[in-house]
Amino acid sequence: MIDIHRLALPIADVTIKSPTGPAWEFFVLFLVVIIGPPLLEHARLPGIIGLLLGGYVIGPNGLNLIGAGNTTVPALGQVGLLYLMFVAGVELDLALLRVHRRAVLIFGVVTFAIPMLLGSTIGFSMSWGAPAALLLGALLASHTLLVYPTVRKAGLSTHAAVATAVGATVLTDTASLVVLAAVSGSQVVGGSAASIGIQIAFGLIVLVVFCLVILPQLVRLAFRHLGTDRIVRYLLAIASFLAAATLAGSLGIEGIVGAFFAGLGLNRLVPNEGPLMDRIDFFGSAVFVPIFLVSVGMLLQPSVMVQGETLKLAALFIAASVGGKTLAAIISKGALHLTSNEAALMLGLTVPQAAATLAATVIGFNIGLFDQSVVNAVLVLILVSIVTATLIVERVKVRVPVPRHESRGVGTRILVALEDPGQAPIGFALGARIAAPDSGVVRGLLACPPAETRLREPSLAELRKAGYAAGLDTDPALLVNSSLAEGLINVVAAQEPSLVMVGQRSITTAPAFGSAGEAVAAAIPSPVVIVIGEATRIGEVVLIQTEVARAEAQSDKAVDLAGELATRIGGKNVTARQITGSAFVNSLRPGQVCIAPGNSWQVFVASDPPPGAALMIVLDQSLPRIFAETR
Amino acid sequence: MGNGAPARHSGDRTLSRRPPARIACTLLATLLLVACSDRTSSPAAGVFTPGTPGVLTVVTSQIPTKGFWEGTPSHLTGGFEYELARNLAQRFGLGSVRVRIENFNRVVHGQLNGADIALDLITPTSERAQSLSFSVPYLTSPPTVLVRTGTAVPDLATARTLRWGAVRGTTFAGLIDQVIHPDANLRLFRATAGMLTALEERKIDAVLLDMPLAVVTATRSRGRLDAAGQLPSTETIAAALPKNSANQQAVNSAIRAFTADGTINDLLKMWVGSAAADAEKSIPLIQSTR
């Protein structure tokens, strides 16, 4: 028999300490990150609210699992804040600024200026000092594209109204952060008004030059020489925004301004659909940004939040922000000739206050401009703005017609399919130049028969290296299929590329027409380019113009595309050449890339380009029929 | 020429648009510059209402305290906490600072002698928070071992063999018992001055002090005392206010502002010495499992 009392005695001596230390703090933090967002999303509220509320629950004003004196969470939260602003800068679609310049400028200016004016007026009317009043205006004028995923899912991402709202975010966030830089700099840097002004202006100029000119060059160089490892590429991105934030701090400007500008600077080097952006998003969403939001939630104080003063502040902030954004949408509706639903969609996209607002508020709090009442009032504003935006977008997204044709650039998403890894350098170099104006992504595929999967792995590494050397953020994959054309057609159906480039070592062994490239072009809606030859560098671009091409009305697409590709690849270094025979290919010099619309019969009989030169034959889906007729 | 006209027209349009944009930018820049010159507290950062109009009343336990309260109670000449009080008064738009003396043990139990605020190297604890409201910290202060020069404290085992002293009511008394477990009984003192005299007279071998105080005491001892090591800790020093004081938000905002604009660091360097600002990096860490 077991004597239960004898067992109980030693157990009574066991002491269990209350949990403390970093392991406990991180466990509690991650518990909130895991549980908070799904709980709120279940109630159809954005996950961000779950993180803020979770922060309150575990913080000093809640269960006090993480006390007021804790330094780990605030320090990590600071890094999270920098990360958040870096991501905000790096994922902005700068191409939209160019495409919808006028609309973006009009809407961007009014949707910043009106809430800024209303917010500052409210601050001054409450006898706030100028720094606090201006910072309030700036934080109300910014917005976060929190409901953009909903709009994208509704198929409206290419709608002009949506593109305008997204493009305007670049302006509003930049302008807000410049005001924040000036205001916080004025509080941190000592001296006369003039000397402070000079210091801030000098700091901003240095920061902009570093982030938008020097940093991208340095990172591009580092990507080429050090970035063959995915981890190194990720760490280079992190180091970039930390360097920019440090420089900003040294110049008396808030670190988040540096992080945001670093994001803008690396915008083209880190395409939104690229693997590096995936990693940045992953770590940001999993660790850094949630910890920042939880650390902000720890400032939440229900006793302060329900005070009359806080609620009054919150009501004023909501009126200025939502009212200002509404007024901006109404003005833009008239100026840009939008329908009511389109204007409402723009309003829904620009009403949410989250990232930039929180960042400015936290900075205002940290430099002693705002007290806890203001922070709690802003948290109420964030909650209300997000709920309002969700309701607006849910209501109008079904009333705005989905654009029929996706008006995206040819360089948005390029697929480079190769059989020979030796063509990777030229394939990726061309892809990189075509993708650059659209900040697009280039994906590499290496054809591989099912039986040779293992044998092709080293070639895949070669492809990756060539991609990085071309300055691309690419993660090539094997295309396992016994037929390149068949495999490629399947991939195209899944990935919907804007351009397919098919590498072909020689035109003499397999003519361009009758090849995998032609078969793919016949079956897919995307334009196809066949790349022949191996150029080691790209110098002059020769654009072929033929009488046949001019005469053939149906072939305009290939001619236009060839022209556009020539401009993208060669810039000003493009020579147009009229040809009469097929011998033109032989006359190419090393470094020359010849671009020919595939409707010219000459290319049908062309020979291989000489070593060091390359030939690009531009096809489109109408070509097989043309050639059937020609033959 | 024909091609030139539209270009000129376009250029004129651009020029005609520039002045309003320039005016707007200049106005914004001027407004920002005006903002630059405004560094006083505003209601957005909380409102401070003193007990006596126009006067910030501060309580502390001992004057002088090297580096923190210099001079005499009737003639204060400076010190980190005195200057911090003066900066607070200036930010709140108060004309003067009045200083009262109160026993430390009474202060940490909420007896502020009618003062608006206590500045006395107070470490916030949950026990003290029952009778006081604390501001955000203005200093981080790892407990630092002060010994006579020549006494080495490389590890906890050596520390255990020393005779320790602490001021009654401070967090250090509990810390010495919990972390160091000295072989000899801990000797308690009523005030820091008496404890330091006992250290110099070899009645005790070591004491724990807040790092800035330990550093300034060692610096001014003419080589007799030495800050020999720091204990791993995230302890901080904060201002104390009467429990549930309505002034807490304003004081918090002020201390955050002074930290951000470098006032705290400047005061620390000026009154406690440059060594204190870098002390956390230069004083050896005594590892413990605490």
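Cut-offs and rules
- Residues numbered from 1 in each chain as written.
- Chains lettered and ligands numbered in written order.
- Predicted model: local features only at pLDDT ≥ 70, side-chain atom pairs only at ≥ 80, totals over all residues.
- Heavy atoms only, no water.
- Buried < 20%, exposed > 50% of the residue type's maximum accessible area, 1.4 Å probe, protein only.
- Helix = DSSP H or I, 4+ residues; strand = E, 2+ residues; numbered from the N terminus.
- Pairing = 2+ DSSP bridges.
- Right-handed = clockwise from strand over helix to strand, strands pointing away.
- Axes fitted to C-alpha atoms, helices over the stretch in contact; angles between N-to-C directions.
- Contact = heavy atoms within 4.5 Å.
- pLDDT = per-residue confidence, 0-100.
- Phe/Tyr/Trp six-rings, centres within 6.5 Å; stacked < 30°, edge-to-face > 60°.

**What about the pairing of strand E2 (residues 441-448) of chain A?**
The side chains of a regular strand alternate between both faces of the sheet.
All names here are of chain A.
Consideration 1: Across the eight residues of E2, seven count as buried, placing the element largely inside the fold.
Consideration 2: In the sheet, strand E1 (residues 413-418) pairs with E2 via six bridges, with the strands oriented parallel. Looking across to E2, one finds that Val-416 is bridged to Gly-444.
Consideration 3: Running through helix H19 (residues 424-435), the crossover from E1 to the neighbouring parallel element E2 is right-handed.
Consideration 4: In this sheet, strand E3 (residues 477-480) lies alongside E2 in parallel orientation, the contact comprising four bridges. Counterpart to Cys-448 in the pairing with E3 is Val-480.
Consideration 5: Between the parallel elements E2 and E3, the chain passes through helix H20 (residues 453-469) in a crossover that is right-handed.

**Observations regarding the sheet that holds strand E7 (residues 143-148) of chain B**
Residues and elements named next belong to chain B.
Consideration 1: Ordered in space as E9-E8-E10-E7-E11, the five strands form an open sheet in which the pairing is mixed. Strands with a single pairing partner mark the edges of an open sheet, and in this sheet they are strand E9 (187-189) and strand E11 (225-230). In this sheet, neighbouring strand axes are inclined to one another by 35° on average, regardless of whether the strands run parallel or antiparallel.
Consideration 2: Sheet topology note: the E7/strand E10 (residues 206-210) ladder contains five bridges and is antiparallel. Opposite Val-147, over in E10, you have Ala-206 as the bridge partner.
Consideration 3: Against the sheet, helix H5 (residues 171-180) touches E7, strand E8 (164-167), E9 and E10, its axis set at about 145° to E8.

**Comments concerning the confidence of the model for chain B**
Consideration 1: Residues of chain B with pLDDT of at least 70 account for 85%, and the chain-wide mean is 85.
Consideration 2: Contacts of residues 1-17 of chain B to residues separated by more than four positions or lying in other chains number zero contacts, the stretch itself having pLDDT below 50.

**Some remarks on the packing of aromatic side chains**
Consideration 1: On inspection of all chains with the given rule, the structure shows 14 aromatic pairs over all chains.
Consideration 2: Relative to Phe30(A), the ring of Phe26(A) has its centre 6.3 Å away and its plane inclined at 25°; by these criteria the two rings are stacked. Here Phe26(A) pairs with Phe30(A), and both are found in helix H2 (residues 22-42), just four residues apart, close to one helical turn.
Consideration 3: Overall, Phe30(A) belongs to the partly exposed group, its relative accessible area being 30%.
Consideration 4: Residues Phe48(B) and Phe92(B) carry aromatic rings whose centres are separated by 4.3 Å and whose planes lie at 5° to one another, so their mutual orientation is stacked. Placement of Phe48(B) in the loop between helix H1 (4-37) and strand E1 (55-60) and of Phe92(B) in the loop between helix H2 (80-91) and strand E4 (96-101) is noted, with a sequence separation of 44 residues between them.

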